[in-house]
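# Residue-level structural notes
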Amino acid sequence: VVYRARDEKLKREVALKVILAGQHAGAKERERFVQEAETIAKLRHPGIVQIYEVGSFDGHPFLALELVNGQTLCDAVRAEPQDFRWSAAMIAQLSRAIHYAHQQSVVHRDLKPGNVLLCRAADAADSDSSLHLWRPPYPLRPGDE
């Protein structure tokens, strides 16, 4: 489960991912969670969400991840037809991010339009940062789209 949270030390919002079973999670679930953290931590690309911290609170393992405001690629193309130039640019950006992950021996096993999150242009630091390969499934506040 992923929540929108606030990192009080660094005064920023984060995506906080926790194991649904929490302290009742088995060893296999906890190991998979740690593996996910290690995998994400290996990746440094503007099109892939960054991990800030991994830890545990009251027996509940968590990952603090970069919070990316925006909508999914799926929602964007359903909302209105996109220009072919936009579509071509999106394919190019997504391809560069996927290629980078593959170069790091990481394969995203659930890559689909619903798992690609688009940043608002104002939030994008460069041309590749308008998409992210991992989408935290939390509700956005009105005005974040």
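Presented here is a report on the structure given in the accompanying data block. None of these values were measured; they are calculated from a predicted model.

## Some words on the sheet that holds strand β4 (residues 60–66)
Taken in spatial order, the 4 strands line up as β1-β2-β4-β3 in an open sheet, and their pairing is antiparallel. This sheet does not close on itself; its edge strands, each paired only once, are β1 (2–7) and β3 (51–57). Strand-to-strand twist in this sheet, taken as the mean axis angle between neighbours without regard to direction, amounts to 30 degrees. Here 6 bridges tie β1 to strand β2 (residues 12–18), and the two strands are oriented antiparallel to one another. For R6, the partnering residue across the bridge sits in β2 and is E13. The sheet strands contacting helix α1 (residues 27–42) are β2, β3 and β4, and the helix crosses β4 at an angle near 20 degrees.

## Section: the pattern of salt bridges
Evaluated as defined, the whole model comprises 6 salt bridges. Ionic pairing is found between E13 and R4, a salt bridge with its closest N-O pair at 3.4 Å. For E13, a relative accessible area of 27% translates into the label partly exposed. We note a salt bridge from R85 to D83, for which the minimum N-O separation is 3.1 Å. Take R85: its relative accessible area is 55%, and that puts it in the exposed class.

## With respect to the environment of E53
When you line up the elements, E53 lands in strand β3. Setting aside residues no more than four positions away along its own chain, E53 makes contact with F62, L63 and A64.

## Here we look at the nonpolar core
Judged by nonpolar contacts, V2, A15, I19, F33, A37, I40, I51, L63, L65 and L67 together constitute the single largest core of 10 residues. Of all the elements in the fold, those that place two or more residues in this core are α1 and β4. Sort the elements by how many residues they give to this core and α1 lands first, with 3 residues.

Definitions and limits used
- Residues numbered from 1 in each chain as written.
- Predicted model: local features only at pLDDT ≥ 70, side-chain atom pairs only at ≥ 80, totals over all residues.
- Heavy atoms only, no water.
- Pairing = 2+ DSSP bridges.
- Helix = DSSP H or I, 4+ residues; strand = E, 2+ residues; numbered from the N terminus.
- Axes fitted to C-alpha atoms, helices over the stretch in contact; angles between N-to-C directions.
- Contact = heavy atoms within 4.5 Å.
- Salt bridge = Lys/Arg side-chain N within 4 Å of Asp/Glu carboxyl O.
- Buried < 20%, exposed > 50% of the residue type's maximum accessible area, 1.4 Å probe, protein only.
- Core = buried A, V, L, I, M, F, W, Y, C linked by side-chain atoms within 4.5 Å.

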